[in-house]
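The chain contents come next:
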Amino acid sequence: MASMENDIVQDRLSEMPDEVIVHILSCMPTLDAVRTMLLRRFGDLWTSVHALIFDFDEYYCEKSHQMIDGSPSLHEVFSCFSGFVQNVLMLHKGSTINIFHLYMYEFDVYFQDPKMIDDVQMWLRFAVNRGVKDLYFAFNGQDDLAPPRCVFTCQSIETLTLNGCMIDEYEDEQPLHMGSLTNLSLIRVDGCNDAFNQLISRCPSLQELTIDDPQELQLLSITNPSVIKLDLCLQVVDGNPFTLHCPSVRILDIKICREVPPFQLWVTDVSSLRVVNVKELPYNCSCGLVKSIVKHFRNAEVFSLSRRAFQGLSFMTKVDFPHNSWKRLVLEPWWTHERCIPVILKLVKSSVKLEELIIYSGQSLDMFKLDRSQLSASGQKPLRYPELSTTCTFPLLKTVTIHGYGKWCKGLLELVKVLLRDAVVLEKLVIHPEKEVNFLKQVLSFQKASTDATVVFA
C-alpha cells in the first residue's frame, strides 16, 4: 500500500523547468525570493529573476520585530537594508531586468544621510544599466533626493513612477529624452513648472500621464501630441490659480481634493478632449469652481461626475449651468437623491446634444439613505421640485439607464416621469431596481413623448 502511495505522490516542484521557477520568484518581493536559496531545488535561481522589488518599510518592520528590547535606529536598519540591496545587485546574474521597484514610503524625511542618497541613486543607475522597463521609486518627500539624470535619458523604460521625490531642470546638460516611455506617474513630486513640462515634452511615445498632488506646479503645459490620457489630482492649499494647457489630450480624469482658500482653474486649450471624468471635488466647493469645471469642459463628448465629485453639488440648487456639447452624461449622486434631483435635471437640460444618460444611485448609497420622516426629524423641511413641473424638450436623448433606486426617493420617480414626458426621441429607459411592484406600476403609467420608447426593468 505504501509503495502504491509513493508511486502516486510526485515532486512537481522538482519537475518544473528553471524558467518557470524564475518566473515565480520574479513575482515575489526580493527579500522572500532570496530566502528560497535555503531550498535545495531553488538554489541560486533567485539571482536570475527579471524583477527586483525592495521594500524598506517591510524590512524595517521585520527588524523591529526581531528586537527584544526597543526598536533599532533608522540609521542601523538602513545600513543593513543597504547592505542587503548591494549584495543582491552584486550577485544578480541577469543581463536585463524588466521591473525594478524601490519603496521607501515611511523613511524618515528628517534623516539626512548623504550616503543614503548616493546609495539610492546608485541602485537606480543599476536598473537603468540593466535595461529596466518598469521603474518605480517611492520616497517620503526628501527635497534633496532626485533620481539620477540617466533615468530621464533611459531608452528602455516604458513605465516610470516617481513618488515623493523631486525632479530637476537640466538646462546645461544633454537634453532629456525617453524614447520608449508610454506611462509616466508623478506623485507628490517637487519641481517647478519648467521641470515638469520639460520632462513631459521629451517623451515622444508618452500616452498616459498621471500627476498627483504636485508640490509647486501651477502651470501644466502638455504640448506633446502623443499624450492621450491625463490623470490630474490637485491638493489646493495656497489659493494660487492652476493653469491647464493640453491641446492634444483626449481623456481627462480630474480630482480637486481641497479648496482652501477658493481655487481658480484656468484652462487655455483643451480642444481635443473627448472624455472628462470628474473624480472628486471639495465637499464645500464654491459655485465658481463648479461653473468653471462645466464651462471649461463643455465641448467634451462624454462627461461624468463620481459620487465624490457630486457631493459638492448637492446643495447648489440655484446654480445655472452653461450649455454644453456632451453626448453621454454619467452621474453618481451623493447623499440623498432628494437633494440631487434638481441638480441632475439642470445638468440634463443644459446638455443640448445629450444622447445617453446614465445614473448610478440607490443601492450603492445605503449608508446615506434618508426618508422624509428622517428629514423632518432633523428639522429640515420636505423638499419640493419646481424644476420638475416645467416642460423642457430633450431633442436627442435616446437612452436612459438608472442603476439602483429606493422607494424612499420619490424625487427619482419624478425624474423618470419628466424624462419620459420630455424626451421626444427616447428609445429605451432601463431601470435596475429592487422588485417593488408599486414602483413598476407607477413608471409604466407615465406618459411618453416618444412612441418608440421602451421601459425595461433589468
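Anything mentioned here points back to the structure above.
Below you will find a few notes about this structure. From a predicted model like this one, the values you see are computed outputs, not experimental measurements.

## Quick look at the overall build of the protein chain
When helices and strands are counted, the protein chain shows 14 helices and 18 strands. For the protein chain, with 458 residues in total, the buried portion stands at 49%. Here the contacts in the protein chain between residues at least 6 apart in sequence split such that 69% fall between residues at least 24 apart. Summed over all atoms, the accessible surface of the protein chain reaches about 21900 Å², with 52% contributed by carbon and sulfur.

## Comments concerning the environment of valine 276
Mapped onto the elements, valine 276 comes out in strand 12 (residues 275-280). Separated by 29 residues in sequence, valine 276 and leucine 305 have C-alpha atoms that sit 8.8 Å apart. Dropping the residues within four chain positions of it, valine 276 is found in contact with Leu252, Phe297, Ala300, Val302, Phe303 and Ser304.

## Quick word on helix 8 (residues 193-201)
Along an α-helix, residues three or four apart share an orientation, since each turn contains 3.6 residues. Restricting attention to buried positions, one finds in helix 8 the residues Ala195, Phe196, Asn197, Gln198, Leu199 and Ile200. Elements in contact with the buried residues of helix 8: strand 5 (183-187), strand 6 (208-212) and strand 7 (219-221).

## A closer look at the pairing of strand 9 (residues 242-245)
The sheet contact formed by strand 7 and strand 9 spans three bridges and is parallel. Across the sheet, serine 221 pairs through a bridge with histidine 245, a residue of strand 9.

## Quick word on the sheet that holds strand 9
Adjacent strands of a sheet pair through backbone hydrogen bonds, lying either parallel or antiparallel. Pairing within the open sheet is parallel, and its three strands lie in the order 7-9-11. Unpaired on one side and paired on the other, strand 7 and strand 11 (265-269) mark the two borders of the sheet. Neighbouring strand axes in the sheet, compared pairwise and without regard to direction, differ in orientation by 15° on average. Pairing between strand 9 and strand 11: four bridges, direction parallel.

## Overview of empty space enclosed by the protein
In total, this model carries two cavities of 30 Å³ or more according to the counting rule given. Here the largest cavity defines a volume of roughly 70 Å³. Lining the largest cavity are Pro29, Leu31, Ile53, Phe54, Asp55, Glu58, Tyr59, Phe81 and Phe84. Of all the secondary-structure elements, those providing two or more residues to the lining of the largest cavity are strand 1 (51-55), helix 5 (56-66) and helix 6 (74-91). Among the elements that take part in the lining of the largest cavity, strand 1 stands out by supplying three residues, more than any other. Broken down by class, the residue content of the lining of the largest cavity amounts to seven nonpolar, no polar and two charged. In this structure, the second largest cavity occupies an estimated 30 Å³ of space. Forming the boundary of the second largest cavity are Leu281, Val290, Ile293, Val294, Phe303, Leu305 and Leu313. Secondary-structure elements contributing two or more residues to the lining of the second largest cavity are helix 9 (287-296) and strand 13 (302-305). Top element by residues in the lining of the second largest cavity is helix 9. It accounts for three residues. Here the residues of the lining of the second largest cavity are counted per class, giving seven nonpolar, no polar and no charged.

Parameters at a glance
- Residues numbered from 1 in each chain as written.
- Predicted model: local features only at pLDDT ≥ 70, side-chain atom pairs only at ≥ 80, totals over all residues.
- Heavy atoms only, no water.
- Helix = DSSP H or I, 4+ residues; strand = E, 2+ residues; numbered from the N terminus.
- Buried < 20%, exposed > 50% of the residue type's maximum accessible area, 1.4 Å probe, protein only.
- Contact = heavy atoms within 4.5 Å.
- Areas by Shrake-Rupley, 256 points an atom, 1.4 Å probe, with all protein chains shown as cover.
- Pairing = 2+ DSSP bridges.
- Axes fitted to C-alpha atoms, helices over the stretch in contact; angles between N-to-C directions.
- 1 Å grid on protein atoms, 1.4 Å probe; cavity = no way out; pocket = protein on both sides within 12 Å on 5 of 7 lines; lining within 4 Å.
- Points joined across faces, edges and corners; volume = space filled by probe spheres on them.
- Nonpolar A, V, L, I, M, F, W, Y, C, P; charged D, E, K, R; others polar.

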